[in-house]
Amino acid sequence: MAPEIQVPCNFGREYINVQEHCNLKLKLKNGSDYLVNSMIMSYNSPEIKRLTTEHHQTCLYMDDFEEDAVYCFIDALYTGELEKIGTTIFTDVYKMVRVFKVSWLLSRCTDFFTNLVSCRETVSVDTEDSIYREVKYLFDIAMIIYTQNHLEKEQIFVDVFMESFEKKNDKLEFATRFFGGINLNEMSRYLTEQTVTLIGGDTGLLVDGLVTSLRHYDLRNLSNTEVRLLLDKCTDVSFHQENPVEYQYNELFDILDEIESLTEDDLRFLNRIKRIWIKRASSFFSSSKSKGHSTSTRVVEKENSNPDALKGKHGENSKSTFSFEEREVEPESTSSEAQHKEEVGGVEEREEELEDTRSVVTLG
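Residues numbered from 1 in each chain as written. Predicted model: local features only at pLDDT ≥ 70, side-chain atom pairs only at ≥ 80, totals over all residues. Heavy atoms only, no water.

### Let's talk about the sheet that holds strand β2 (residues 33-36)
Here is step 1: Spatially, β2-β1-β3 is the arrangement adopted by the three strands of the open sheet, whose pairing is mixed. Looking at which strands have only one partner, the edges of the open sheet turn out to be β2 and β3 (59-61). Averaged over all adjacent pairs, the angle separating strand axes in this sheet is 25°, with direction ignored.
Here is step 2: Against the sheet, helix α3 (residues 67-79) touches β1 (24-27) and β2, its axis set at about 5° to β2. (Pairing = 2+ DSSP bridges. Helix = DSSP H or I, 4+ residues; strand = E, 2+ residues; numbered from the N terminus. Axes fitted to C-alpha atoms, helices over the stretch in contact; angles between N-to-C directions. Contact = heavy atoms within 4.5 Å.)

### Quick look at the packing of helix α8 (residues 171-180) against helix α10 (residues 203-216)
Here is step 1: Where α8 meets α10, the axes come as close as 8 Å, and the angle between the chain directions of the two elements is 40°. The angle between the axes of α8 and α10 places the two elements in the oblique class. α8 and α10 meet at a crossing whose hand is right-handed. Only L205, L206, G209, L210, T212, S213 and H216 of α10 make contact with α8, whose side of the interface consists of K171, L172, A175, T176, F179 and G180.
Here is step 2: Here the contact of α8 with α10 is built from residues that sort into six nonpolar, six polar and one charged. (Parallel < 35°, antiparallel > 145°, perpendicular 65-115°, else oblique. Left-handed = near helix turned anticlockwise from the far one by under 90°. Nonpolar A, V, L, I, M, F, W, Y, C, P; charged D, E, K, R; others polar.)

### Here's the deal with the nonpolar core
Here is step 1: Core analysis: the largest hydrophobic core is formed by 88 residues, its most contacted members being I74, F174, L222 and L256.
Here is step 2: For this core, the leading source of residues is helix α6 (residues 129-146), giving nine residues.
Here is step 3: Apart from residues lying up to four places away in sequence, F174 is in contact with V123, Y132, V135, K136, F139, F161, F165 and L198. (Core = buried A, V, L, I, M, F, W, Y, C linked by side-chain atoms within 4.5 Å. Buried < 20%, exposed > 50% of the residue type's maximum accessible area, 1.4 Å probe, protein only.)

### Digging into the confidence of the model for the protein
Here is step 1: Here the protein averages 82 in pLDDT, and 73% of its residues register 70 or above.
Here is step 2: This model gives residues 294-312 a pLDDT under 50, and the stretch forms 46 contacts once residues within four places in sequence are excluded. (pLDDT = per-residue confidence, 0-100.)

### Some remarks on the packing of aromatic side chains
Each pair of aromatic rings is reported with the distance of its centres and the angle of its planes.
Here is step 1: All told, the structure shown has 20 aromatic pairs when counted by the stated rule.
Here is step 2: Judged by centre distance (5.7 Å) and plane angle (90°), the rings of F90 and F157 are edge-to-face. On the criterion of sequence distance, the pair formed by F90 in helix α4 (residues 90-99) and F157 in helix α7 (residues 156-168) is long-range, its members being 67 residues apart. Like F90, the residue F157 is buried in the burial classification.
Here is step 3: Here F161 and F165 contribute two aromatic rings whose centre-to-centre distance is 5.2 Å and whose plane-to-plane angle is 85°, an arrangement assigned as edge-to-face. A residue pair is termed a helical-turn pair when its members lie 3 or 4 positions apart in one helix, as F161 and F165 do in helix α7 at four residues.
Here is step 4: Residue classification places F161 among the buried residues on the basis of a relative accessible area of 0%.
Here is step 5: In this structure F165 comes out as buried when scored by relative accessible area, which is 4%. (Phe/Tyr/Trp six-rings, centres within 6.5 Å; stacked < 30°, edge-to-face > 60°.)

### Structural notes on a nonpolar patch on the surface
Here is step 1: Together, I5, M39 and Y43 make up a nonpolar patch on the protein surface, roughly 270 Å² of accessible area in all.
Here is step 2: Relative to the helices and strands, M39 is located in helix α1 (residues 38-44). (Patch = residues over 30% accessible without salt bridge, like charges linked within 9 Å, V, L, I, M, F, W, Y side chains within 5 Å. Areas by Shrake-Rupley, 256 points an atom, 1.4 Å probe, with all protein chains shown as cover. Salt bridge = Lys/Arg side-chain N within 4 Å of Asp/Glu carboxyl O.)

### Structural notes on the packing of α4 against α6
Here is step 1: Close contact between α4 and α6 brings their axes to 10 Å; oriented N to C, the two are set at 30°. The angle between α4 and α6 falls in the class roughly parallel. For the pair α4 and α6, the sense of crossing is right-handed. From α4, F90, T91 and Y94 reach across to α6, where they touch I141, I144 and I145.
Here is step 2: Looking at the contact of α4 with α6, its residues break down into five nonpolar, one polar and no charged.

Dropping the structure here:
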């Protein structure tokens, strides 16, 4: 009895696209035909076996994939080696591996990408644009595979890429270059997914990134749903005693306040973001005092005495801005603590008045 054939196996690439040995036609993107042997394909792919034996198909349409990617895929199935792979065709090759369920080639693709990422250059302030683009291309590959609609989300390539940040300690530098190339006026769902994946829950990094983007491109308004989603995420700040305030919020709000063409709805949204932020800050600082921390914080709201300044460039719908200062204070007495809680409570009760007042948050 002949031994059972195990894949990967070298069937010989010389038999690819040879009419005498082929009974399955692949229709390529450029309209041409590429001939393969259905038995060799079926050994590697249970999906192709099902299509050719159960459904008796003699032609498969491969026009969703680049021609070079198809050539690479077929060569791998015939030779048992992934020799013709490259970064430009990797995503298409990987799609075919998943669609046709070639299990042994799945691990080869993972190894290929992991090796690329491990050998990548470190991104720094002085990194040439060409090097950054090469690293960014690897990030794009990981994200394209992760966001494919017809496949289950593949987290593995994103994880590999994010782990490289820890090894090379260049996440901040990469993120700065990444955000510098984003025009928020053209923000898309895909870019939002890239951004959220990159920051990984680091709200400070997101705020810094938005500031970087806004320095490069003037934002016309806040009507883009994706931009609003990112600004909403900016309120998910985690406060801690060692670094109680993310000072970059100052600059972000200052830039947003300078947008010339904010609509009424934009203003309501922006003020809501500010109210959420100040409420969470107030709650944290009040909690810190009750736990007996050596540093204390007062949140004080003051009305702007200048009527013209209250109107601002947007008329009656004045926008509130924040100024944060950190200072050390001596431990307060019990009565002072009660007074502080009363001040904090007053701020929360007057949140709805923030659209008509200018808020100053003093932190110490």
